Amino acid sequence: MSAVSDRLPAFPWDKLTPYKATAAAHPGGIVDLSVGTPVDPVPELIRKALVEAADSPGYPTVWGTPELRDAITGWVERRLGAREVTHRHVLPVVGSKELVAWLPTQLGLGPGDRVAYPRLAYPTYEVGARLARAEYEVYDDPTALDPEGLKLLWLNSPSNPTGEVLPKEELTRIVAWARSHGILLFSDECYLELGWEADPVSVLHPDVNGGSYEGIVAVHSLSKRSNLAGYRAAFLAGDPEVLAPLLEIRKHGGMMTSAPTQAAVIAALGDDDHVRVQRDRYAARREALRTALVHHGFRIEHSEASLYLWATRGESCWDTVAHLAELGILVAPGDFYGEAGATYVRVAFTATDERVREAVRRLS
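Residues numbered from 1 in each chain as written. Predicted model: local features only at pLDDT ≥ 70, side-chain atom pairs only at ≥ 80, totals over all residues. Heavy atoms only, no water.

Undergrad: Pulling in residues and values, what's your account of the overall build of the protein chain?
TA: Helix and strand counts for the protein chain stand at 13 helices and 13 strands. For the protein chain, whose C-alpha radius of gyration is 20 Å, the value lies close to the compact-globule estimate of 21 Å for 364 residues. Looking at the 364 residues of the protein chain, the share that counts as buried comes to 54%. Restricting to contacts in the protein chain with at least 6 residues of sequence separation, those with at least 24 account for 75%. If you average the places of the 37 positive and of the 48 negative side-chain charges in the protein chain, the two averages end up 4 Å apart. (Helix = DSSP H or I, 4+ residues; strand = E, 2+ residues; numbered from the N terminus. Rg over C-alpha atoms; globule rule 2.2 N^0.38 Å. Buried < 20%, exposed > 50% of the residue type's maximum accessible area, 1.4 Å probe, protein only. Contact = heavy atoms within 4.5 Å. Lys, Arg positive; Asp, Glu negative; His and termini not counted. Charge placed at Lys NZ, Arg CZ, Asp CG, Glu CD.)

Encoded structure:
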């Protein structure tokens, strides 16, 4: 066990503990904007579907019910503009973090293989490479990478942490480059339905992939769009030649989405109204926090999508974390996401309306 854990970096969130204590000591209590965890209720139609499926004594299947696969394929075509998506093109997973962390291992990568991800990125891309003992590196432009030995290329648009959205033309260029070198491309699109100043596009769109899913897979989650982080519900869509062996591996590993969760996902993907309601909540919180941060002396960069504001005062991110903690506000330091984030903080707008109003009051 120690040999496995020794491959991993220190868990970054533990470093926030003293700042969290400072923020919690504020007379008005803590406003926690550090982790993008949903706080609003799970929509009623989703809870109803979960309850109605609660009497599920048998084992679920890793591939999910036909109804679940119908729901995923229907949503991918309706929402992402994908074409001719069949059950072979989709695969449910037990939350997207599990997939990201174990994908290199499940792909059979190891020493000598390379995994690449954005310079500012979700830390679990690196963790996945480390678990597989593969090499890993960051990029600004993936097409500038040496393709030799590069087996897995991660895209992330909209980005966590910056909220940056890659334009359709850029995605098209990267997909073509990866294919020309036989590099498997996974696109983490978990924030795609949360575009504010840009309209995010999926690699599954035919304008990007030329009508072929060869060598590309998109990762999607219901945690953000439907407040289902507690349900661990996500899925893959793309190249069936990639998904078929992953399905077999996950069958052997027992990586099954629970039957009640599958029923909840069917309900969630079949309804767009609750997504619009939640977007409106986030839009109001985003505008309030953005205005308050700018008036407080912050500069906001990117942040055109996702659930975060990428903010800086031109100082060490830890100085900024300490400053805001004294106001009872906890944020994530930018260097959690790479050295390029050393002067930034990531501010989530997933707190309740009351806590957001309190943060705005303190910043003012």
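We are not done yet, so read on.
Undergrad: Quick rundown of the packing of helix α5 (residues 96–106) against helix α6 (residues 124–131)? Include the residues and the values.
TA: Where α5 contacts α6, the two axes come as close as 6 Å, and the packing angle between them is 35°. The handedness of the crossing between α5 and α6 is right-handed. Seen from α5, the contacting residues are Lys97, Val100, Ala101, Trp102, Pro104 and Thr105; seen from α6, they are Thr124, Tyr125, Gly128, Ala129 and Leu131. (Axes fitted to C-alpha atoms, helices over the stretch in contact; angles between N-to-C directions. Left-handed = near helix turned anticlockwise from the far one by under 90°.)

Undergrad: Describe the pattern of salt bridges, and please don't skip the residues or the numbers.
TA: When the charged atoms of two side chains with opposite charge come close together, those side chains can pair. Tallied over the entire structure, the rule returns 25 salt bridges. For Asp140, the salt bridge is made with Arg119, and the minimal N-O distance between the two is 3.0 Å. Here Asp140, found in the loop between β4 (135–139) and β5 (150–156), pairs with Arg119, found in the loop between β3 (114–118) and α6; they are 21 residues apart in sequence, far enough to count as distant. For Asp140, a relative accessible area of 62% translates into the label exposed. A salt bridge links Glu197 to Arg286, with the shortest nitrogen-to-oxygen separation between them at 2.9 Å. Here Glu197 is found in the loop between β6 (184–188) and α8 (206–209), whereas its partner Arg286 is found in helix α11 (residues 273–295), with 89 residues between them in sequence. Classification of Glu197 by relative accessible area gives partly exposed; the value is 49%. Exposure remark for Arg286: the relative accessible area of 6% places this residue in the buried category. A network of salt bridges, in which partner residues are shared, links Asp40, Arg285 and Asp353. (Salt bridge = Lys/Arg side-chain N within 4 Å of Asp/Glu carboxyl O.)

Undergrad: Talk me through the pairing of strand β7 (residues 216–221); I want residue IDs and the actual numbers.
TA: Taking burial as the measure, the 6 residues of β7 include 6 buried ones, the bulk of the element. Of the two faces of β7, both are covered, the one formed by Ile216, Ala218 and His220 as well as the one formed by Val217, Val219 and Ser221. Bridge analysis of β7 against strand β8 (residues 234–238) gives 5 bridges, and the strand direction is antiparallel. Note that in β8 the partner of Ala218 across the bridge is Ala237. (Pairing = 2+ DSSP bridges.)

Undergrad: Help me get a handle on the nonpolar core, residues and values and all.
TA: Core analysis: the biggest nonpolar cluster contains 67 residues, and Leu33, Trp154, Phe186 and Leu236 have the highest contact counts within it. Excluding anything up to four places from it in sequence, Leu33 contacts Leu289, Ile329, Leu330, Val331, Arg346, Val347, Ala348, Ala351 and Ala359. (Core = buried A, V, L, I, M, F, W, Y, C linked by side-chain atoms within 4.5 Å.)

Undergrad: So what's going on with the sheet that holds strand β13 (residues 344–348)? Residues and values would help.
TA: Spatially, the 4 strands line up as an open sheet ordered β9-β10-β13-β12, and their pairing is antiparallel. For this open sheet the edge positions go to β9 (299–301) and β12 (332–333), each flanked by a neighbour on one side alone. Both β9 and strand β10 (residues 308–312) contribute to a ladder of 3 bridges, which runs antiparallel. Each residue of the ladder has a partner; that of Arg299, found in β10, is Thr312.

Undergrad: Tell me about unusual backbone geometry, and name the residues and values.
TA: Residue Pro158 is reached from Ser157 by a cis peptide bond, and omega for that bond is -5°. Looking at the secondary structure, you find Pro158 in the loop between β5 and α7 (168–180).

Undergrad: Could you give me a rundown of the side chain of His220, with the residues and numbers involved?
TA: With respect to the element layout, His220 can be found in strand β7. Within polar-contact distance, the side chain of His220 engages the side chain of Glu189 at 2.7 Å. Not counting the four nearest positions on each side in its chain, His220 is found in contact with Trp75, Leu80, Glu189, Cys190, Leu192, Ser202, Ala234 and Phe235. (Polar contact = N/O pair within 3.5 Å; in protein donor to acceptor, adjacent residues only side chain to side chain.)

Undergrad: An account of the sheet that holds β7 is needed here, citing residue identities and associated values.
TA: Sheet strands associate in pairs through backbone hydrogen bonding, adopting either a parallel or an antiparallel arrangement. Here we have 7 strands laid out as an open sheet, ordered β2-β8-β7-β6-β5-β3-β4, and mixed in their pairing. Only two strands of the sheet have a single partner each, and these edge strands are β2 (90–93) and β4. Strand-to-strand twist in this sheet, taken as the mean axis angle between neighbours without regard to direction, amounts to 20°. Of the pairings in the sheet, the one linking β6 to β7 comprises 4 bridges and is parallel in character. Considered in β7, the bridge of Phe186 is made with Val217.

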